[in-house]
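# Examination of the molecular architecture
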Amino acid sequence: MTKIIGTSPLREDARVKIDGAAKYVDDLSFPGMAYAMLVRSPFPHAKISEIDASHALELPEVVAVITAKDIPGKNKIPIVFDDQPCLAEDEARYIGEPVAIVVANDRRTAQIAATLVSVKYSELPAITDPLLSLAEGAEKVNPVLGNILSRHKVNKGDVDSAMSIADVVVEGEYKTGYQEHAYIETQGVIAVPENEGGIALYGSMQCPFYIHKALGYVLGIPLSKLRVIQTVTGGAFGGKEDFPSLPATHAAIAAYLTSRPVKLVMTREEDILCSTKRHPGIVRIKYGARRDGTIIACDAEYILNAGAWSTLSPIVLWRGTVHSGGPYRIENFRVDAKAVATNSVPNGAFRGFGQPQVCFANESLIDELAVKLGMDPVELRLRNALDIGLETLTNHVIKESCGLKKVISLVRDEVKWLENRSRKERVLSNGKYYGVGFSAAFYGTGLGAGGKKIDRSGAFLQVAFDGSVQIAVGTTEMGQGHNTVLSMIAAEELGADVKKVSMLPIDTSRVPDSGPTVASRATMMSGQAIRDAAKQVRKIIHDVVAKRLGVAVETLEFEPGVIFSGAKKITFEEAVTWCFDERVHLAAQGWFKAPNTEWNSENGLGDAYYAYTYTAIGAEVAVDKETGEVEVLRIVSGHDIGKAINRREVEGQIQGGAVQGMGYALYEDLVSTNGKIIRPNFSGYIIPTAADIPEIKPVIVEEPYEGGPFGAKGLGEPPLIAIAPAIANAIFDAIGVRIKKLPMTPERILETLEAVR
Amino acid sequence: MFQIHIPAVKAFSVKEALKLIEENGKVLNGGTDILVIAKEIGISAEKLVDISGIEELKQIEVSAKKIVIGGAVTIDEAKNNPIIRSEFPALVFAAEQFASPQIRNRATWAGNIANASPAGDGMTALYAYDAVIQLRSKNGRREIPLTEFVKGVRKTELCEGEIITGIILPRGHGGEHFGSFIKVGQRKTLAISKVMVAVSALIKAGKIKKIGIALGAVAPVILRLTEVEQFLTGKKIDRDEAVRAGELARQAVKAIDDIRSTADYRKKVAGVIVERAILGLKSIE
Ligand SMILES: Cc1cc2nc3c(=O)[nH]c(=O)nc-3n(C[C@H](O)[C@H](O)[C@H](O)COP(=O)(O)OP(=O)(O)OC[C@H]3O[C@@H](n4cnc5c(N)ncnc54)[C@H](O)[C@@H]3O)c2cc1C
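Throughout this document, residue positions are counted from 1 along each chain, in the order its sequence is written. Chain letters start at A and ligand numbers start at 1, both assigned in the order the entries are written. Confidence filtering applies because this is a predicted model: local features only for residues at pLDDT of at least 70, side-chain atom pairs given and counted only at 80 or more, and all residues used for totals across whole chains, interfaces and linings. Values reported for side chains reflect all heavy atoms of the structure, with hydrogen atoms and water molecules removed beforehand.

## Digging into the domain arrangement of chain A
Residue and element names in this part refer to chain A. Selection criterion: An automatic or database domain assignment provides the domain bounds reported here. A contact between two residues is defined here by any heavy atoms of the two lying within 4.5 Å. The salt bridge definition used is simple: a Lys or Arg side-chain nitrogen within 4 Å of an Asp or Glu carboxyl oxygen. Put simply, Ala, Val, Leu, Ile, Met, Phe, Trp, Tyr, Cys and Pro go in the nonpolar bin, Asp, Glu, Lys and Arg in the charged bin, and everything else, Gly too, in the polar bin.
The domains assigned to chain A are domain 1 (25-124 + 187-265), domain 2 (281-449 + 600-756) and domain 3 (456-593). Distance from the C-alpha centre of domain 1 to the C-alpha centre of domain 2: 37 Å. Contacts between the two partners involve 17 residues from domain 1, matched on the other side by 20 residues from domain 2. The tally of links between domain 1 and domain 2 comes to zero salt bridges. The residue inventory of the side of domain 1 that touches domain 2, partitioned by class, reads eight nonpolar, four polar and five charged.

Structure (structure tokens):
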């Protein structure tokens with residue numbers, strides 16, 4: 001029986017974040033620090049013939065103006081394909097693309113000077129619509145990769161024959177918009193020159209080792225001379241996975257060339273204009289089923305608008321591809337997916353990573369199928385749901401930890417599905433129409449076959465003389481409770497008091513590379529690495545204790561803070577003192593490699609991931625038929641996550657994800673015309689506020705996964721993924737129209753209602 | 001206690017403010033508009049004259065024929081005034097749906113008017129109450145009806161060196177004061193209106209004695225729906241009349257497309273909310 005795992009100790013970072021003591025990157029400064037500001041392209045596509053910095057350099061407070069030709073190393077940002085430059089050289093390919101770096105003694109001057117750099121552009125034709133980019137003879141948008149940046153296919157069984165014998169066939173086209181991360185802290189870094197020509201880079205980030213690599217590229221100096229320090233990070237949601245490499249390299253180049261610390265913190269407008277976002281998507285999907293509801297075929301096409309450079313698009317696309325038919329056993333499955341280049345801001349990682357787009361489509365269509373079959377949509381889902389012994393869309397046979405049916409049933413009950421769905425009186429006392437909707441999803445946890453090479457984690461654990469414990473990993477806290485959860489795992493495995501465990505601050509020169517903090521993987525991967533280290537140290541301690549007590553080591557039992565042998569009992573602290581007396585080394589390195597995944601890139605079949613988190617959502621809404629306004633009344637959000645390490649944090653993730661999913665579904669409308677984002681601020685881009693948040697009821701299912709710490713699987717992303725289709729299905733239940741485009745704004749709802757009238 | 005440090009010049013009397021504006025620049029009231037756009041329009045804090053603490057502008061004066069809301073009275077303060085509550089309920093409802101508590105504690109209706117956004121919530125309610133604007137400059141004082149004061153999107157009659165010292169609302173007598181305010185935004189709070197309506201009504205023996213209907217966010221300036229008002233005057237409030245009023249409103253609106261909504265949506269929904277606003281007329285207990 002675990003003592004700490006499953007409880008809800010308070011977040012260790014809660015107090016400083018609430019009382020304002022936490023120091024974010026813009027709170028820090030270094031002696032002699034200068035400020036950098038970017039000169040950015042105002043055109044979606046233009047030739048750059050000349051950059052004249054003379055006017056800017058006339059200002060006495062301006063230190064330097066840096067262009068591509070000044071970059072000491074490669075003008076490349078390493079992500080997947082290395083196609084993106086650090087600074088545009090001959091051509092700019094999206095509005096906001098960095099062209100030059102202005103460095104000044106103060107922020108204000110840097111801002112002014114950036115407007116004084118005159119860049120001679122000649123505008124070139126721009127393609128901002130992915131469908132036009134795919135058209136035959138289209139101008140090449142991405143000079144390295146062409147217009148299809150990435151393509152994935154899965155081909156299982158014989159989809160065409162299965163469709164032809166299906167009793168019922170449904171199909172539809174669904175579109176989803178951009179989504180902005182809207183983290184509370186904008187992107188920001190400070191680069192500080194160090195002795196012997198190195199650079200220390202401080203900043204708000206998810207993946208310090210990505211930045212580490214990027215700095216090595218652009219500066220052309222050994223990684224051993226570079227270190228990256230994560231500052232307290234005010235939210236990320238994927239937006240600080242790949243993107244921070246850009247500002248980090250800009251600041252580092254500036255610091256390297258000027259030999260001064262350089263701060264670069266983006267304004268909100270700049271951040272919304274230039275940083276990565278969720279890819280807008282187009283999904284065409286078709287299901288074929290037997291009369292009894294068995295789905296026998298799924299055929300899908302998935303197109304992502306990737307923007308000018310490939311960033312993480314290949315992997316975002318891959319995750320979407322292998323999940324695109326939904327959490328069902330379907331014998332015949334085909335999908336063709338493309339990430340397409342356009343002259344618009346590059347999109348990148350965002351919580352859900354290519355899945356929310358396809359989930360909106362497939363889960364909306366499942367409800368359409370239910371209508372056509374005359375079947376209850378939850379019944380239909382249960383009939384086809386994945387289970388132990390069944391295979392996923394890509395033929396991965398599930399061997400353990402599959403709570404999908406259980407989570408569907410629990411959510412169905414919690415949302416009072418049967419009763420609410422069959423309500424006779426649909427008009428509420430305020431004149432609005434009531435509706436309830438359902439959705440389900442699965443989520444391959446970790447990087448899986450798409451990111452196999454970096455799916456490993458390192459950890460370091462050491463015990464101090466007073467019995468306190470320090471752990472180090474390279475995955476990061478960004479507001480999700482990472483440090484608290486990992487401290488709990490360390491305490492449980494080691495037998496120490498959780499309050500005495502601390503995480504070492506992230507500095508790439510001091511913490512092991514644990515891979516990126518993405519793909520809902522940190523609890524699983526770093527958790528396992530920490531357990532590995534903790535077990536080694538516990539053995540060292542127990543060997544000493546057994547020897548001193550004169551008992552066999554196998555007779556020892558432990559709980560957090562105490563070690564027993566029969567009636568004999570000593571505290572963890574005493575044991576640690578004994579160890580110091582014995583001069584043993586109370587420290588260990590831990591390592592964990594994700595289980596192998598097998599993948600055939602020809603037919604797209606194989607074990608895409610090693611384990612899956614399963615989700616079911618129930619949403620209740622009230623729709624105003626005359627104004628098109630939708631109020632979400634209640635969301636029931638259920639997830640099989642193997643094990644809830646910290647219950648309160650799990651509930652927090654579920655609730656936060658639901659709100660972000662609600663924003664995606666209903667409010668968040670990033671308008672971009674010809675590659676230009678209109679009104680890049682929070683009065684134009686509407687996210688939910690506290691007043692819009694309904695009751696969100698978490699339902700936690702724990703079907704343990706042998707490969708995860710104490711049975712845990714990943715949870716960071718699943719709570720967002722299936723919210724939009726549940727709301728869309730509820731709207732359909734309320735007013736009988738299907739909205740096929742996100743966000744489902746009042747305007748869109750009225751238009752659709754008019755169209756069917 | 002958190003304090004926002006704004007290095008603006010603070011004035012302690014209207015006279016002093018007028019002098020400082022002449023030397024220095026622009027009026028800073030609650031700051032909820034001007035600080036947002038300060039960066040864009042390139043105004044630095046030193047160029048602002050803070051009038052939010054001027055005692056004479058913080059008064060709400062009541063006399064037999066009118067009430068005057070001082071130029072630095074916050075939206076929250078105005079909302080809590082007993083006379084405003086009983087006689088100008090639509091302004092109270094507008095305040096309740098305006099921004100968030102934090103913003104309401106700083107922002108003023110005078111600022112809302114000076115800002116002259118067609119999506120101004122307070123402006124719309126004040127249109128429905130035939131507000132008159134009280135102005136003062138070093139050249140003297142003047143009064144202009146709100147409908148004439150506002151010239152277009154962010155354009156007003158306000159002259160350089162002039163301050164809005166008060167908003168005059170004529171008190172109606174001989175009936176019960178009813179009002180309603182309906183706002184459609186992208187979310188429940190902190191939303192800029194896509195379309196909104198304010199209705200003021202004086203009701204006697206169940207009949208409409210006098211009514212003011214103002215539609216916001218549909219055109220460059222707030223619209224008074226005089227035809228609809230005429231149609232309703234003397235009538236009892238019932239569903240048929242409300243539906244008819246909604247139809248008339250829809251016909252009267254020539255809406256605009258912009259970032260927040262479409263012309264089509266605004267036109268349709270304007271009719272819906274006018275109808276609902278009439279049916280939902282109520283007083284504050
Ligand atoms: C988060 C947020 C939410 C908001 N929500 C809403 C909303 O729901 N509805 C809405 O209508 N508005 C909203 N606004 C806009 C703003 O709050 C209002 O327009 C408010 O009424 C402005 O008043 P203020 O006192 O803050 O004006 P300030 O910002 O101080 O001034 C605005 C302008 O008016 C001038 N001015 C102010 N007072 C005077 C005076 N007495 N004499 C002469 N000139 C003057 C200033 O010089 C300036 O040009 C919101 C703003 C924010 C930041």
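Let's pick the thread back up.
## Some remarks on helix H10 (residues 355-373) of chain A
Residue and element names in this part refer to chain A. The test is simple: In DSSP terms, a helix is any run of H or I states spanning at least four residues, a strand is any run of E spanning at least two, and both are numbered starting from the N terminus. Expected helix span is computed as 1.5 Å times (number of residues minus one). Per-residue accessibility, obtained with a 1.4 Å probe over protein chains only, is compared with the maximum for each type, and a residue is labelled buried under 20%, exposed over 50%, and partly exposed between these values.
Its 19 residues give H10 an end-to-end C-alpha distance of 26 Å, which sits within 8% of 27 Å, the value for a rise of 1.5 Å per residue. Most of H10 is tucked away: 16 of the 19 residues are buried. Directly after H10, the chain includes Gly374, whose backbone phi takes a positive value near 70°.

## Some points on the interface of chain B and chain A
Using the following cut-off: For any pair of parts, buried area is found by adding up, for both, the accessible area (1.4 Å probe) each one loses once the two are put together.
Contacts between the two partners involve 19 residues from chain B and, on the opposite side, 23 residues from chain A. The contact between chain B and chain A buries some 2,000 Å² in all, and 52% of this surface belongs to carbon and sulfur atoms. It is Gln186(B), Arg187(B) and Ile259(B) that lose the most area in chain B upon contact with chain A, and together they represent 33% of the buried surface on that side. Counting the contacts that link chain B with chain A gives four salt bridges. Between Arg276(B) and Asp624(A) there is a salt bridge, and its shortest N-O distance comes to 2.6 Å.

## Some points on the domain arrangement of chain B
All names here are of chain B. This is how it is decided: Between N or O atoms, a polar contact is any pair within 3.5 Å; within protein, one atom must be a potential hydrogen donor and the other a potential acceptor, and residues adjacent in sequence are included only when both atoms are from side chains.
According to the domain assignment, chain B consists of domain 1 (8-50), domain 2 (56-170) and domain 3 (176-279). Centre-to-centre, using C-alpha coordinates, domain 2 lies 20 Å away from domain 3. With 25 residues of domain 2 in contact, the opposing surface of domain 3 contributes 26 residues. Interface area, domain 2 with domain 3, both sides summed: about 1,900 Å², of which 62% is carbon and sulfur. Applying the counting rule to domain 2 against domain 3 returns three salt bridges. Notably, a salt bridge pairs Arg224 with Asp130, separated by 2.8 Å at the nearest N-O pair. For the interface between domain 2 and domain 3, the tally reads eleven residue pairs in polar contact (both at pLDDT 80 or more). Of all elements in the fold, only helix H4 (82-87), helix H5 (89-96), helix H8 (121-128) and strand E8 (150-152) reach the threshold of two or more residues within the side of domain 2 that touches domain 3. The leading source of residues in the side of domain 2 that touches domain 3 is H8, at six residues. Residue classes in the side of domain 2 that touches domain 3 are distributed as 15 nonpolar, six polar and four charged.

## Some remarks on unusual backbone geometry
Omega for the peptide link from Leu742(A) to Pro743(A) comes to -5°, which places this bond in the cis form. Take Pro743(A): it is sitting in the loop between helix H19 (723-735) and helix H20 (746-756). Positive phi, close to 50°, is recorded for Ala116(B), a residue that is not glycine. Along the chain, Ala116(B) turns up in the loop between helix H7 (109-115) and H8. For Ala116(B), a relative accessible area of 1% gives the class buried.

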